[in-house]
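Each chain is listed here by its residues.
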Amino acid sequence: MQQSQYQICVLGSANSDHFLEVEDFPKEGETIASKKSYLKNGGKGANQAVASALLKSKIIFAGQIGKDELGQLLVKEMTLAGVDLTALRKVDEQTGQAIILLNKKGENLIIIVAGANGYYETLDVLPQEYQQAIEASDLLQLQMEVPQSINILAAKYMSQNDKITVLDCGGKAEKLKSDFLENLTIVSPNETELERILGEDLNMNADSNVEEFLSKTIHDKVFTRYPDLIVLLKLGSNGSMLVTKEYSVRCQTVTQLNPNILEEYKIVDTVGAGDCFTSAFTVSFYNSLIEYGPARISTLRKIDVETQKKLFYKAMHFGSASAFLCITKHGAMPSMPKFETVDNFIKKYFP
């Protein structure tokens, strides 16, 4: 099989992030003061494209920006990171924006202005630039900050051609359609986003074992309809858990595995951590998979279960290390770590 031009196509949003630092989040009707404000490049799609490029993957980004100064700032930073922007479209709408309140604990509240990210003349056909980008790529990364119809068209193409699609469920809070889920390879929600996939509240008992409850819920309510789907659950400070119909893999955060890390690093800003985790996981997964053949769904299915578990654990651990390094710096896109930084971190703390 001929090698693709790109390892990964990231199709998604590109935003300008406006940060406001506050002591605490405002209560309803309350006016508060911000200690500091600043502008950073972001958007889940752009963040993940930059993260993957810095982790030494050949990346093409498919997305939309406005013909404004904010869009040009995104182009500059993404180009410097090594992202191919030949599939980036400039449209007659303002570049997407995110207003981010950041409190003293490093927690955040985010308001999204879709702008160019939601501006499509038709939702029935993929833009030609996107089509060419995904055709030239082995793997597709998606998020929920562009219209779901666009995501579905891209995922269908990948599935029909035995190609892998990874969806980060972060973004717009909407239920995932069945023709979207059935064309995904890996879906990565947090616990709240899992409810969107299920279309119902989890209603977890306070005394429940979280991992057993989530695993059983996924088996009962996801795999009955989508048996081939792989679910990568992001559990925040509790790490991650990957669940398939046959097995599950649990990975703690790097600080749970080695608390000494916190003696040398300080958590300053959690913005972008989920994007970083998904991209780092995907890059590691891709690099491991191609050792067994082309980066295809059929290649993964031919690998024995124990080897699959090791492959996924390695990817989850690499994702955890990358995401931790991300939250030790301010901003989303500017905080994405380089491969050498992550590699040296893992070698130092997990020899």
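See above for the structure.
Owing to the predicted nature of the structure, the values given are computational and were not obtained by experimental measurement.

Turning next to the overall build of the protein chain. If you tally the helices and strands in the protein chain, you get 12 helices and 13 strands. Taken over the C-alpha trace, the protein chain has a radius of gyration of 19 Å; the compact-globule value for 351 residues is 20 Å, and the two agree within 12%. Overall, the protein chain is about 55 × 50 × 40 Å in size when its C-alpha atoms are taken along their principal axes. Out of the 351 residues belonging to the protein chain, those deemed buried represent 55%.

Turning our eyes to something else, we now look at the environment of Lys309. Along the chain, Lys309 falls in helix α11 (residues 305-326). Its relative accessible area of 26% is what places Lys309 among the partly exposed residues. Separated by 60 residues in the primary sequence, Lys309 and Val249 have C-alpha atoms spaced 6.4 Å apart.

Once that is clear, we can look at the sheet that holds strand β6 (residues 96-102). What the four strands build is an open sheet, ordered β3-β2-β6-β7; its pairing is mixed. The strands lining the two open edges of the sheet, one partner per strand, are β3 (36-42) and β7 (108-113). Within this sheet the neighbouring strands show an average axis-to-axis angle of 20°, counted without direction. Against the sheet, helix α2 (residues 69-81) engages β2 (15-21), β3 and β6, with an angle of about 60° to β3.

If you walk through the whole model with that rule in mind, you get 12 aromatic pairs. Measuring from ring centre to ring centre gives 6.2 Å for Phe281 and Phe312, while their planes differ by 5°; the resulting arrangement is stacked. With a gap of 31 residues between them, Phe281 in helix α9 (residues 273-289) and Phe312 in helix α11 connect regions that are remote in the sequence. Given the relative accessible area of 0%, Phe281 is considered buried. A residue is classified by how much of its surface remains accessible, and Phe312, at 0% relative accessible area, is buried. Among the aromatic side chains, those forming a connected cluster through ring pairs are Tyr265, Phe324, Phe345 and Tyr349. Across from the ring centre of Tyr6, 5.9 Å away, lies the NZ or CZ of Lys58, which sits over that ring.

This part takes up the side chain of Ser279. Relative to the helices and strands, Ser279 resides in helix α9. Classification of Ser279 as buried rests on a relative accessible area of 0%. In this structure, Ser279 is in contact with Gln48, Ala51, Ser52 and Gln141, ignoring residues within four places of it in sequence.

Another aspect to go through is the layout of surface pockets. Approximately 1,200 Å³ is the volume found for the largest pocket. Around the largest pocket, the lining comprises 42 residues; the ones closest to its centre are Thr270, Gly272, Ala273, Gly274 and Asp275. The element best represented in the lining of the largest pocket is α9, accounting for four residues. Class assignment for the residues of the lining of the largest pocket results in 16 nonpolar, 18 polar and eight charged. What the second largest pocket holds in volume is close to 450 Å³. Considering the residues around the second largest pocket, the lining is formed by 21 residues, among which Pro227, Asp228, Leu229, Ile230 and Arg301 are closest to the centre. Broken down by secondary-structure element, the contributors of at least two residues to the lining of the second largest pocket are α10 (297-302) and α11. Among the elements that line the lining of the second largest pocket, the one with the most residues is α10, at three residues.

All right, on to the environment of Gln256 then. Relative to the elements of secondary structure, Gln256 occurs in helix α8 (residues 254-257). Other than its neighbours up to four places away in sequence, Gln256 contacts Ser237, Asn238 and Gly239. Of the polar contacts made by the side chain of Gln256, one reaches the backbone oxygen of Ser237; its length is 3.3 Å. Polar side-chain contacts of Gln256 include one of 2.9 Å to the backbone nitrogen of Thr253.

Let us look at the side chain of Glu174. Mapping Glu174 onto the fold places it in the loop between β9 (164-171) and α5 (178-181). Buried Glu174, no salt bridge; nearest opposite-charge side chain is Lys172, N-O distance 4.3 Å. Reaching out from Glu174, the side chain makes a polar contact with the side chain of Gln148 at a distance of 3.2 Å.

The biggest cluster of nonpolar side chains holds 62 residues, and the ones touching the most others in it are Phe285 and Phe312. If you look at the next biggest cluster of nonpolar residues, it comprises 45 residues, including Val146, Ala154, Val231 and Leu235.

Moving on, we get to the state of the cysteines. Counted according to the given criterion, the structure contains zero disulfides. Note on Cys169: no disulfide assigned, nearest cysteine sulfur contributed by Cys276 at a separation of 18 Å. Under the relative-accessibility criterion, Cys169 is labelled buried at 2%. Sulfur of Cys326: no disulfide; nearest cysteine sulfur belongs to Cys276 and is 4.6 Å away. Note on Cys326: relative accessible area 0%, which makes it buried.

Criteria and cut-off values
- Each residue is numbered by its place in its chain's sequence as written, counting from 1.
- In keeping with the model being predicted, local features are shown solely for residues with a pLDDT of at least 70 and side-chain atom pairs are shown and tallied solely at 80 or more, while totals for entire chains, interfaces and linings include all residues.
- Side-chain measures were taken over the full set of non-hydrogen atoms in the model, leaving aside hydrogen atoms and water.
- A run of DSSP states H or I qualifies as a helix once it reaches four residues; a run of E qualifies as a strand once it reaches two. Both are numbered from the N-terminal end.
- Based on C-alpha atoms, the radius of gyration is set beside the globule rule, defined as 2.2 Å times the residue count to the power 0.38.
- For every residue, the accessible area obtained with a 1.4 Å probe (protein chains only) is divided by the maximum for its type, and the residue is called buried under 20%, exposed over 50%, and partly exposed between those limits.
- Any two strands are treated as partners once DSSP identifies two or more bridges connecting them.
- The axes are straight lines fitted to the C-alpha atoms, using for helices just the contacting stretch, and the angles between their N-to-C directions are given from 0 to 180°.
- Contact criterion: two residues are considered in contact whenever any of their non-hydrogen atoms come within 4.5 Å of each other.
- Ring geometry is summarised as follows: Phe, Tyr and Trp rings, the Trp one being its six-membered ring, pair when their centres sit within 6.5 Å, and such pairs are stacked at plane angles under 30 degrees, edge-to-face over 60 and tilted between the two.
- The rule for a charge over a ring is simple: NZ of Lys or CZ of Arg within 6 Å of the ring centre, and within 35 degrees of the ring normal.
- Residues are said to line a cavity or pocket when one of their atoms sits within 4 Å of a point; the points come from a 1 Å grid over protein atoms alone, cavities being sets where a 1.4 Å probe fits but cannot get out and pockets being open sets with protein on both sides within 12 Å along at least five of seven lines.
- Grid points are joined across faces, edges and corners, and a volume is the space filled by probe spheres set on the points.
- Note on residue classes: Ala, Val, Leu, Ile, Met, Phe, Trp, Tyr, Cys and Pro are nonpolar, Asp, Glu, Lys and Arg are charged, and everything else, Gly too, is polar.
- We call two N or O atoms a polar contact when they sit within 3.5 Å, provided that within protein one can donate a hydrogen and the other can accept it, with sequence-adjacent residues counted only if both atoms are side-chain atoms.
- Charge assignment: positive for Lys and Arg, negative for Asp and Glu; neither His nor the chain ends contribute.
- The term salt bridge refers to a pairing of a side-chain nitrogen on Lys or Arg with a carboxyl oxygen on Asp or Glu at a separation within 4 Å.
- In this text, buried Ala, Val, Leu, Ile, Met, Phe, Trp, Tyr and Cys residues form a nonpolar core when linked through side-chain atoms within 4.5 Å.
- Cysteine sulfur atoms that come within 2.5 Å of each other are treated as a disulfide pair.

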